[in-house]
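# Coordinate inspection notes
Listed below are the residues making up each chain.
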Amino acid sequence: MRIRPETALTFDDVLLIPRRSSIRSRHAVNTRSPFSRCITLAIPLISANMDTVTESAMACAIARVGGIGVIHRFMTIERQATEVARVKRAEGFVVEDPYSLPPNATIEEAREQLAEHHIGGLIVVGANNEVLGLVSARDLMFERDPERRVTEVMTPREKLVTVGEHISLEQARDVLHKHRIEKLPVLDQSGQLHGLITAQDIVKQEQWPDATKDSRGRLRVAAAVGVRPSDMDRATACVHAGADALVVDIAHGHSDNALNMVRALKELFPNVDVVGGNVATADGVRDMVEAGADAVKVGVGAGSICITRIVTGFGVPQLSAVDECAQTGQALGVPIIADGGIRNSGDITKALAAGASSVMLGSLLAGTDESPGATVIRSGQRYKIVRGMASLTANIDRQEIELGREVDPDDWERVVAEGVEAMVPARGPVKEIVYQLVGGLRSGLSYAGASNIPELWSKAEFVRITSAGKAESGAHDVQTR
Ligand code: XMP
């Protein structure tokens, strides 16, 4: 039997020691940090690739505040690609390939499209993609006859204000204001539809200055893939839909399957960042980087909904895992993502202080308005569901998606679950909880005397604490309300 001499630690085993600080205010610190080799975040937060955490609504919300979301893979390939595309279309200076209708479309069809894509207007185009008009939700609002053609209610081409391809943001803003309009079709030299500028997109650009965006002003998003041969099709569909990064999502990432997948993805998509994981050792990081990973996700059994350590006996307490992996990651120049077990802003600061470049959040974000799934009421309180992706119900749902039919309940007992189903309190919008988390992190950086995350790495000093120290750390000896 081999036993490592040192004790492995996790978040509650330690505290950070306050250092002399010349930071004047929490706002004087910089939280920018890499997600992967080519993608930098204004705040080092990632929403987890779980089906109770990240679909397009979460990915948009977290990218707007400066993080990034990873769209989970527990859905059909087509649906995952659609979710990615939704994020890429959510904003951008010019919406390329805007939703459109042919002139023979009916009012009913237009209403369906507006509802399906959550948009306020559609461009009507002819057979050669020439703009014929624009139909907006307002044009349809009180229309009684659903069978009428959209051409009868649209604003026709001759009354439309349009612009050419090379317009600047400022010019577009002025045109929208001058004509008091909200949508501006962009036409190429031959009068064909090139794109659409909307007032809402311009407002959003000003509202979210820290948003994580690509060179075309679109929100960035990552997509999770597995390691089966069909996952190459999944990856291809997501990249074509605009995914900025692919995350190889497998519980035991230090395996030939995962390493081969990372290698194959990098070969096929050399310009897309590939994140490998999950690992918990320096060897795991080294092998991932050698396979071509542009970031490595660290955490085995640390998640709030994980029972891997109970079921298999394997795992490494998260703070020590991050520490060991980050030393190798930093030496090789590849960012480490601390994934699992983060419960508050203090844990975020500790994970970063241990050497991570960013943290992935699951149940901490599962209770927000933007997570998938409905709110449930229990004893008068509002909750949302969160479940491990290796839980019983997630396993069965996955099989049903793959088989295209229901799994016989007699087969349920064949599932060996490594995760649980649970509820978390409903928490309101992502931006509110992120504000609190980032506020705590900023404060943490100033306690360390660090003006940015790399400085935190070099200045942080941890102290181990006892259970008495832990009890002293929370509110104590008072009646909390
Ligand atoms: P938190 O603590 O943020 O953790 O909720 C989220 C991370 O947990 C991992 N995950 C699982 N791990 N069994 C596991 O052992 C599971 O069923 C499971 N589902 C999610 C995953 O790394 C996620 O990001």
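All of these numbers come straight from a predicted model, not from anything done at the bench.

This next bit is on the overall build of the protein chain. On a plain count of helices and strands, the protein chain comes out with 17 helices and 23 strands. Expected size for 481 residues packed as a compact globule is a radius of gyration near 23 Å; at 25 Å, the protein chain falls within 12% of this value. Across its three principal axes, the protein chain shows a C-alpha extent of roughly 80 × 65 × 55 Å. Relative to its 481 residues, the protein chain shows a buried fraction of 50%. Here the analysis covers contacts within the protein chain between residues at least 6 apart in sequence; of these, 65% occur between residues at least 24 apart.

Around the ligand sit 21 residues, and of these Ser 304, Cys 306, Thr 308, Asp 339 and Ala 390 come closest. In this structure, an oxygen atom belonging to the ligand sits 2.7 Å away from a side-chain N or O atom of Ser 304. Asp 339 places a side-chain nitrogen or oxygen 2.5 Å from an oxygen atom of the ligand. Computed on the free molecule, the ligand has an accessible area of 520 Å², of which 90% lies beneath the protein chains in the complex. Its atoms largely coinciding with the cavity grid, the ligand occupies the largest pocket. The residue inventory of the shell around the ligand, partitioned by class, reads eight nonpolar, 11 polar and two charged.

Quick look at the layout of surface pockets now. Looking at the largest pocket, its volume works out to about 1,200 Å³. Lining the largest pocket are 48 residues, with Arg 73, Phe 74, Asp 249, Ala 251 and Met 389 sitting closest to its centre. When residues of the lining of the largest pocket are traced back to their parent elements, those giving at least two are helix 7 (230-240), strand 19 (358-361), helix 13 (363-366) and helix 14 (392-403). Broken down by element, the lining of the largest pocket gets its largest block of residues, five residues, from helix 14. Among the residues forming the lining of the largest pocket, the class breakdown is 20 nonpolar, 18 polar and 10 charged.

Taken as a whole, the protein chain is organised into domain 1 (11-90 + 219-473) and domain 2 (95-197). When each unit is reduced to the centre of its C-alpha atoms, the spacing between domain 1 and domain 2 is 39 Å.

Taken as a whole and assessed by the stated rule, the structure comprises zero aromatic pairs. Positioned over the ring face of Tyr 99 is Arg 89, at 3.7 Å from the centre of the ring.

Each value, and the rule that gives it
- Residues numbered from 1 in each chain as written.
- Predicted model: local features only at pLDDT ≥ 70, side-chain atom pairs only at ≥ 80, totals over all residues.
- Heavy atoms only, no water.
- Helix = DSSP H or I, 4+ residues; strand = E, 2+ residues; numbered from the N terminus.
- Rg over C-alpha atoms; globule rule 2.2 N^0.38 Å.
- Buried < 20%, exposed > 50% of the residue type's maximum accessible area, 1.4 Å probe, protein only.
- Contact = heavy atoms within 4.5 Å.
- Near = heavy atom within 4 Å.
- Polar contact = N/O pair within 3.5 Å; in protein donor to acceptor, adjacent residues only side chain to side chain.
- Areas by Shrake-Rupley, 256 points an atom, 1.4 Å probe, with all protein chains shown as cover.
- 1 Å grid on protein atoms, 1.4 Å probe; cavity = no way out; pocket = protein on both sides within 12 Å on 5 of 7 lines; lining within 4 Å.
- Sits in = over half its atoms within 2 Å of the grid points.
- Nonpolar A, V, L, I, M, F, W, Y, C, P; charged D, E, K, R; others polar.
- Points joined across faces, edges and corners; volume = space filled by probe spheres on them.
- Domains from an automatic or database assignment.
- Phe/Tyr/Trp six-rings, centres within 6.5 Å; stacked < 30°, edge-to-face > 60°.
- Lys NZ or Arg CZ within 6 Å of the ring centre and 35° of its normal.

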